[in-house]
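One-letter residues, chain by chain:
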Amino acid sequence: GSHHRAGAARLFHAGVAGSVLRHARTNLLIAPDTIARSTVPRIQRVLVPVDRVDGAAHTVAVACSLVAGGGDVDILHVVDGDDAASHVEGDALARAMTSLTPKHAGADGIRVTTSTVDAPSVARAICANALSKGADVICMRARARRRGAALLGSVLDDVLRKSTVPVVVVRDEE
């Protein structure tokens, strides 16, 4: 935890959680304090934000494994409302997102949907979308960095800090 630090002190003293996040060699689930300590809910709905199709199939596959008994996986792309190029790219991505669905998903009772939303803040849009869709978890990709360490992008970092929904961090396949 943050040992009750606030502001800049929290950034410079990330503690055990920050160290684990930086050096983990596997996927991580970051659960906020709002999750009841005595219950482990069944995951029925997962939100998967993607910024591009390359490398996203592994993240979608992990999300589908979280709802293996049947459930919903919502693939989301957030477009910056002021960037016309992002709209064209976003439309192409929306069409390509359907190819990310694992072949076994339908047979396993997993429903995969895709959506694109306009928003000035990608992280806020992801958090708001997770709440509005009733997501049990958000499943996001951390890009691989040299020597196997995961790189936390600014959007992932913002979502980890702002989300009241647990976040599964998926490392790139190596």
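Residues numbered from 1 in each chain as written. Predicted model: local features only at pLDDT ≥ 70, side-chain atom pairs only at ≥ 80, totals over all residues. Heavy atoms only, no water.

A. Looking closely at the confidence of the model for the chain. Mean pLDDT for the chain: 76, with 61% of residues reaching 70 or above. Note that residues 7-13 has pLDDT below 50 and, in this model, four contacts with residues that lie over four places away or in other chains. With pLDDT under 50 throughout, residues 146-151 is counted as low confidence; its partners more than four residues away or in other chains account for 16 contacts. (pLDDT = per-residue confidence, 0-100. Contact = heavy atoms within 4.5 Å.)

B. Molecular detail of the pattern of salt bridges. In total, this model carries four salt bridges according to the counting rule given. The partner of Asp 72 in a salt bridge is Arg 111, and the shortest N-O contact between them spans 2.7 Å. One end of the pair, Asp 72, is in strand β3 (residues 71-79); the other, Arg 111, is in strand β4 (residues 110-118), with 39 residues separating them in the sequence. On the accessibility criterion, Arg 111 (48% relative accessible area) is partly exposed. Here Asp 157 makes a salt bridge to Arg 161, at a shortest N to O gap of 3.0 Å. Placement of the pair is Asp 157 and Arg 161 together in helix α6 (residues 154-162), with a separation of four residues, close to one helical turn. Judged by relative accessible area, Arg 161 falls into the exposed class, the value being 52%. Here the residues in one salt-bridge network are Arg 45, Asp 72, Asp 74 and Arg 111, joined through shared partners. (Salt bridge = Lys/Arg side-chain N within 4 Å of Asp/Glu carboxyl O. Helix = DSSP H or I, 4+ residues; strand = E, 2+ residues; numbered from the N terminus. Buried < 20%, exposed > 50% of the residue type's maximum accessible area, 1.4 Å probe, protein only.)

C. Local environment of the pairing of β3. Extensive coverage of β3 is indicated by the burial of nine of its nine residues. Across the two faces of β3 the burial is the same, with Gly 71, Val 73, Ile 75, His 77 and Val 79 and Asp 72, Asp 74, Leu 76 and Val 78 all buried. For strand β2 (residues 45-49) and β3, the ladder comprises five bridges, and the chain directions are parallel. For Val 48, the partnering residue across the bridge sits in β3 and is Ile 75. Note that the unit made of β2, helix α3 (residues 56-66) and β3 has a crossover that is right-handed. As paired elements, β3 and β4 share nine bridges and run parallel to each other. Paired with Ile 75 across the strands is Thr 114, a residue of β4. (Pairing = 2+ DSSP bridges. Right-handed = clockwise from strand over helix to strand, strands pointing away.)

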